[in-house]
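Analysis of the macromolecular model
These are the residues of each chain, in order.
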Amino acid sequence: MGSSVIISCVADGFPIPSLQWKQLIGSSGEYRELSYGTEIDILHTVIGNNINNTLMIQTVTREHEGSFLCEVSNGIGSGLSALVKIKVHVGPSVTVCKQLVTIRKGESVTMRCEATGDHPLNISWRSKANTIDDSLKSQFRIQNAQMVNGLSSDLTILQTSILDKGDYTCIASNVYGHDLAVIKLLVHEVPNTPLNLHVTNLESRSVTLSWSSWTRSPESNLSHEIIENSQPISKYILQYKKAEDGWTDYRNQNRLPGDRTTTQLQLLKPAQAYHVRLYSENDIGISAPSDVLFIVTDSEVPSAPPTNVMVDSLGPQQLLITWRAPLHDTWNGEILGYTIKYQKQGFLTGFKNYAKINSLRPDGFYDFRLSGLDKYTQYEITVSAYNIKGDGPPSNVVLGHTLEDAPSASPQSVSCIALAAQNIQVSWQPPLKESCNGIIQGYKIFYEPISLEREFTARETKITSALTTVLHSLQPFTNYTVQVLAFTRAGEGTLSNSVSCITEEAVPDAPERIKSVVSSESSVLISWMPPRRPNGFITKYNVYIRVLENGKELKILKEVLPSQKLYYEVQGVIKKETYEAWVTASTKVGQGPSTPVIKCIANNVVAAAIVSFSQILRVSWKIDIKLPCIFVGSPKAAVEWNVVNNRSKNNNRMEISQDNSLSLRNIQRAHEGNYSCTVKNIFGSDQIIYQLFVQVPPSSPIVSINSIEKNSISVQWKVDDIGGSFIKGFTLKYKRESGLWEELSLDARLNSVVIENLQCGTPYQITVSSYNRIGTSPSSEIQTIKTKGKNPIAPHNDILIHLNTTSISLDLSSWEDGGCPISHYSIEFKQNEPSNKWIIVSNKVESHARYVIGDLEAATAYKLRVTAYNNAGSTKEELNFTTLNASKLYKEKALVKTIFTDSQLIAVIVTSIFGTFLALAGAMICFKNYSRDTTSDDVKITDSTKVETNIQSCDQLYGTLSKSYRKNIPKSAFKHNIIPEYKKGINPYATFNLPENENGPEKTSQSGMEKILKIKPTSYLANSFMYTTEMKLGTSLTNVSNMATRLENIHLGGEYNHINIEKKNNISTKLSKSDSEEYDSLNSDSEHSDKLPVKNIIFTPENDPVDNATRTKYSTENTFVNLQHKENIQRDVFTNRYTK
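Quick caveat: nothing in here was measured; it's all calculated off a predicted structure. (Residues numbered from 1 in each chain as written. Predicted model: local features only at pLDDT ≥ 70, side-chain atom pairs only at ≥ 80, totals over all residues. Heavy atoms only, no water.)

Further remarks concern the overall build of the protein chain. Helix and strand counts for the protein chain come out as six helices and 78 strands. For the protein chain, the proportion of contacts with a sequence separation of at least 24, taken over those separated by at least 6, is 66%. Within the structure as shown, the protein chain displays about 60,400 Å² of accessible surface, and the carbon and sulfur contribution to it stands at 50%. (Helix = DSSP H or I, 4+ residues; strand = E, 2+ residues; numbered from the N terminus. Contact = heavy atoms within 4.5 Å. Areas by Shrake-Rupley, 256 points an atom, 1.4 Å probe, with all protein chains shown as cover.)

In this section: unusual backbone geometry. Between H119 and the following residue, P120, the backbone shows a cis peptide bond with an omega angle of 0 degrees. Turning to its location among the elements, P120 is positioned in the loop between β11 (109–116) and β12 (122–127). Residue P635 is bonded to the preceding S634 through a cis peptide linkage, with omega at 0 degrees. Along the chain, the position of P635 falls in the loop between β54 (631–634) and β55 (638–644). Non-glycine residue N196 carries a positive phi angle of around 55 degrees. Relative to the elements of secondary structure, N196 occurs in strand β18 (residues 195–202). Residue classification places N196 among the partly exposed positions, given a relative accessible area of 26%. In this model, L267 sits at a positive phi of 60 degrees, which is unusual for a non-glycine residue. (Buried < 20%, exposed > 50% of the residue type's maximum accessible area, 1.4 Å probe, protein only.)

Another aspect to go through is a nonpolar patch on the surface. The grouping of F351, V397 and L399 at the surface amounts to a nonpolar patch, some 240 Å² of accessible area in total. By secondary structure assignment, the location of V397 is in the loop between β33 (390–391) and β34 (398–401). (Patch = residues over 30% accessible without salt bridge, like charges linked within 9 Å, V, L, I, M, F, W, Y side chains within 5 Å. Salt bridge = Lys/Arg side-chain N within 4 Å of Asp/Glu carboxyl O.)

Right, let's talk about the side chain of T339 for a bit. Its location among the elements puts T339 in strand β29 (residues 337–344). A relative accessible area of 1% means that T339 is categorised as buried. A polar side-chain atom of T339 sits 3.1 Å from a polar atom in the side chain of D391. Not counting residues within four places of it along the chain, the set of residues in contact with T339 comprises Y354, A355, K356, T382, V383, S384, Y386 and D391. (Polar contact = N/O pair within 3.5 Å; in protein donor to acceptor, adjacent residues only side chain to side chain.)

So, about the sheet that holds strand β67 (residues 801–803). The strand order across the open sheet formed by three strands is β67-β68-β71, and the pairing between neighbours is antiparallel. Each of the sheet's edge strands pairs with one partner strand only, and the pair in question is β67 and β71 (850–853). The average undirected angle you get between the axes of adjacent strands in this sheet is 25 degrees. When β67 meets strand β68 (residues 808–811), the two strands line up antiparallel, connected through three bridges. Paired with H802 across the two strands is S809, which belongs to β68. (Pairing = 2+ DSSP bridges. Axes fitted to C-alpha atoms, helices over the stretch in contact; angles between N-to-C directions.)

Before going further, it helps to spend a moment on the packing of aromatic side chains. What the rule picks out here adds up to 16 aromatic pairs. Aromatic pair W323 and Y366: ring centres 5.7 Å apart, planes at 15 degrees, arrangement stacked. You can see W323 sitting in strand β28 (residues 318–324) and its partner Y366 sitting in strand β31 (residues 365–370), a full 43 residues away along the chain. Accessibility classification places W323 together with Y366 in one group, the buried group. Clustering of aromatic rings is evident, with ring pairs tying together W323, Y338 and Y366. One residue, R277, lies across the ring of W247, its end atom 4.0 Å from the ring centre. The ring of W621 has K622 sitting right over it, with the charged end atom 4.2 Å from the ring centre. (Phe/Tyr/Trp six-rings, centres within 6.5 Å; stacked < 30°, edge-to-face > 60°. Lys NZ or Arg CZ within 6 Å of the ring centre and 35° of its normal.)

The next thing to look at is the sheet that holds strand β56 (residues 655–656). Taken together, the three strands give an open sheet; going across it, the order is β53-β57-β56, and neighbouring strands pair in antiparallel fashion. Edge positions in the sheet fall to β53 (625–627) and β56, since each of these pairs with one other strand and no more. Relative to strand β57 (residues 662–664), β53 runs antiparallel, the two being bridged by three bridges. Looking across to β57, one finds that I625 is bridged to L664.

A word on the side chain of S826. Following the sequence through the fold, S826 ends up in strand β69 (residues 824–831). Filtering out sequence-adjacent residues up to four positions away, S826 remains in contact with S842, N843, R865, V866, T867 and Y869.

Another aspect to go through is the state of the cysteines. In protein chemistry, a disulfide is the covalent bond that joins the sulfur atoms of two cysteines. Across all of its chains, the model carries five disulfides by this definition. Shown here is the disulfide that connects C9 with C70, its sulfur atoms set 1.8 Å apart. The sign of the S-S torsion, about -85 degrees, decides the handedness of the disulfide formed by C9 and C70: left-handed. Of the two residues, C9 is situated in the loop between β1 (5–8) and β2 (18–25) and C70 in strand β7 (residues 66–73); the sequence distance between them amounts to 61 residues. Comparing C9 with C70, the two get one shared label, buried. Disulfide pairing is shown between C629 and C677; the S-S distance is 1.9 Å. Between C629 and C677 the disulfide shows an S-S torsion of about -80 degrees. By sign, it is left-handed. Linking C629 in the loop between β53 and β54 with C677 in strand β58 (residues 673–681), this pair joins segments that are 48 residues apart in sequence. By relative accessible area, which is 1% here, C629 ends up buried. A relative accessible area of 0% means that C677 is categorised as buried. Counting its disulfide-bonded cysteines in sequence order, the protein chain shows a connectivity of 1-2, 3-4, 5-6, 7-8, 9-10. (Disulfide = S-S within 2.5 Å.)

Okay, the environment of Q425 next. Relative to the elements of secondary structure, Q425 occurs in strand β36 (residues 424–429). The spacing of Q425 and T469 is 44 residues in sequence and 5.8 Å in space, taken between C-alpha atoms. Filtering out sequence-adjacent residues up to four positions away, Q425 remains in contact with S415, C416, I417, L419, T468, T469 and V470.

Time to look at the nonpolar core. Within the largest apolar cluster, 24 residues are counted, with the highest numbers of intra-cluster contacts made by M111, I123, W125, Y168 and L185. Where this core is concerned, the elements lending two or more residues are β9 (93–96), β10 (100–104), β11, β12, β15 (150–157), β16 (166–174) and β17 (177–188). Ignoring sequence-local partners within four residues, the contact set of I123 consists of C113, A115, N144, L151, S152, S153, C170, I171 and A172. Counting residues in each nonpolar core, the second largest holds 21 residues, with A608, L617, C629 and V696 among its members. (Core = buried A, V, L, I, M, F, W, Y, C linked by side-chain atoms within 4.5 Å.)

Moving on, we come to the pairing of β34. Every other side chain in a regular strand lies on the same face of the sheet, so the side chains alternate between the two faces. Along β34, the buried face is formed by V398 and G400; none of L399 and H401, which line the opposite face, is buried. Sheet topology places strand β32 (residues 378–387) next to β34; four bridges connect them, and they run antiparallel. Following the sheet pairing, I381 is matched in β34 by V398.

Right, let's get into the environment of T193. Position of T193 relative to the elements: it lies in the loop between β17 and β18. On a C-alpha basis, the gap between T193 and D291 in space is 9.1 Å, while along the polypeptide they are 98 residues apart. Side-chain polar atoms of T193 contact the backbone oxygen of A288, separated by 3.4 Å.

Before going further, it helps to examine the pattern of salt bridges. Within this structure, the stated rule accounts for 29 salt bridges. D154 is the partner of R112 in a salt bridge, and the nearest nitrogen-oxygen pair spans 3.1 Å. Residue R112 is found in strand β11, and its partner D154 is found in strand β15; the two are separated by 42 residues along the sequence. The class of R112 is partly exposed, set by a relative accessible area of 33%. Measuring nitrogen to oxygen at the nearest pair gives 4.0 Å for the salt bridge that ties K863 to E878. Here the residue K863 occupies a position in strand β72 (residues 861–870), and E878 occupies one in strand β73 (residues 873–882), the gap between them amounting to 15 residues. A single salt-bridge network, built from bridges that share partners, covers R546, E553, E580 and K599.

Next up on the list: the pairing of β17. With five bridges joining them, β10 and β17 adopt parallel strand pairing. By the bridge assignment for β17, L100 is matched with K184. The turn linking β16 back onto β17 is made up of two residues.

Turning our eyes to something else, we now look at the confidence of the model for the protein chain. This prediction gives the protein chain a mean pLDDT of 76; 74% of its residues lie at or above 70. A low-confidence stretch, residues 41–45 (pLDDT under 50), is modelled with 10 contacts involving residues beyond four sequence positions or located in other chains. (pLDDT = per-residue confidence, 0-100.)

Shown next, in the form of structure tokens:
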């Protein structure tokens, strides 16, 4: 099966026989014919009959088994046939129901596989490269069973263990091949306790947690060998609560998928202390809880939006926004400014346009003008306040609508078509919706005929609200230009480009002039000029001769002449008869009116006379023209051509042909003048004059600049010489110095224009050319003009940089834009040493508000390089700054707080007076009851006063609270700045010890001592906090809620110690548990006691039944090393313990 088969069938005879292959259909005895390339529907296999009369099966399947018949016939006799039977042998094929099987540890499991193929079949099982023999291993059972077309095999493991996990291979074989399938077995057990629960990201209302999914192998002899748990965890149970609450409320419980090692707690409260613990669960059961994690959420952005937000329209592109500051209680920090976001109504992509307002007003009332908006557009606008943490919630969306303006684009698809000799239909489409700038009230159609003789013709106007109209009372066979504009209530928009239409032809006017001259005693020559308005193409002239005798009409003669013939000789004129003549012109439409009737009188005297007419000729340059001078006279007249008022001082050569016509070749402006033809004989003389005007392209325009603005340039021009032909229009080209030319086509009536939408502070090149019907003038001299605007102007250092200990805040809005909006900034910094390289923070900071650079070292000199970019260029500013010293900043903040918070100052004074009184009373009591020997140099213990100490700097208060206190920590552990459990360094999260009943049964101290480490924030910085610590006696664990929210920068000996972020990432967070540690169950209620001893900070209680002599044996040891070794205290952990 799967191979190909080729069966030949050869026959011979005369005539040559034809061959046909057939296939037996089932057991019916019927055959079906097979043709070349036939695809068998059921088999989806092509069976082909090639030129050698062979049957070819490309891929044999079990369905091909059967009989095939080869029949041959040549029409003589009954024909021949041959039957071929195909037997298909099948190799084994193994299938399994489940490729992955899971089972609890200790239970039995059966894995089944099935094999199909030709018998005999054999099935075997393998695991871990070994063949499984149930006779040798009692925990295995193998049972095979025959099936209709194969064999099945069941492998049973009676009691599973962790060692049984892995891949189990079922192998089937017969004489035709072998096949296999793999089943993966997973053995589950109760999971171990999750380890290393820690914080990876902390925010004001959420925290991201991670933990380790690795455990020890329970069956490994190597106690420290870590392997992946072979029993997959089905889910994790994460519980969290406020620090002051008990574990009785399980509403705050999340169930997470077992493949997760990270999650995010949401809907937390800002600046709130929480306890978090984690369980793991699989099909077997639930693990013990992890160590409790102590978390304090971050502070937050403003929690309320500005109030009384209103919008007023100021113009087509301006809106005025007014608002009031949020309630002070919702600021959550100092308000630095406001963010205005706006977008067109209906956009679903979210607000992308915004403006930052950094100026603050004491009255809390603000207004801002939004400019550059789209005309007649509805905008959605929100306003939000922001502080150092970012933007607060936006206000409710308010709507503002810019005012109407004239349309900024012309109607589209303007077209026209001639309906008749005096009617044109004009059609168009409205401007684009975004260009209407209001509600279109109607359209104006401007139309005028194109005249070669007048500079400007009377332009007519028609107003309509439809999208098509018909223009009436037009001139026949005249080229009209049509332009359309749309208008709103605010004004008229721009004109569309001109379209031209020629009205239909009509009958022509009468020929312009007509005269007759005597050409002989019996003939008269009639001549005329073409009609001034031919109203079409002249097809012919009709000459009418009326013969009168004694005033009585005898007959009318008609002669039809071609359109180029402008004279006609009437012959056979008799003196006693009177002759009258007139002429009409015809177009394809018909015959026009006639000329005035003239008399044709014969005469014996033939005086010199000119048949041609005087004319004013306006011709294009660089062509050849011929001035005819057809005359009569007997005797023959003398002809003389003269030139008067010629432009050229040189005499131009004139060519006079045999018919006395004057020829001028390749005429130029120098040929302009009056050309006269004079004829004379003895009976008279005659003269005609040609006034010749040569039309050339206009001269180059003279360009001047009227005004320059940030985004526009006003250009004016004039043309000294229009070239003898009226200006048809102007072309203005402009470009940036490195850009491509852009063109504006301008109307001939204009002599100035404002180029808009230019880039601010950018040089532009401008040139203008004019054109008439002859051609285009040379371009004017290129004018280079720079729009108004300068490079950005850097602010003073004190305004730009706001210093902190480990970060700086850049007020980018303090840059002046120089008249051109700043597009983006580039920010770099380095330590102030020549060998250091610049560190690129960002090459494209598009924000114009505050930008924070963190991860700096305290009290360190840096160089900062900020480059601002706008269209006019860029400005680079290099600044030197030094991050603040922690102790100095603490003193400054404390001073500011004292000066500027009067209510707090009064409270401090009152508290100080009351505290002094209590201190005096306490000192007296202490003097009576305690020996001076019980106090040490580092820690002073009294019964009613609190002992103040400075704790080393820790990163943040991510505290992992251990449930048992490790006694007898060797003193050497504190000499190397590490805790014995942490081999790579201090845990980045502060570690405290909880009493046993945090996660276990309630236990009380025999001495009844109550003590707690209390941490208070004393001052807030931009991204760090300062704390002092108090150790109190007689305080219950319920006061844990009074713990501080951060330990990031703790005041130590008047200085700050900062841990770089890079150092944080290298700190190990691995914890270990005490062997005697007890865990509460998942649903235990263990917090009922108000007195919970904390073992890691121990003082001699006042009620301890020990005499003074014994009390002197107590030694208080503070691992806060002497200030003389300040360089070794950054990572020390202190504890106080006593021994008797």
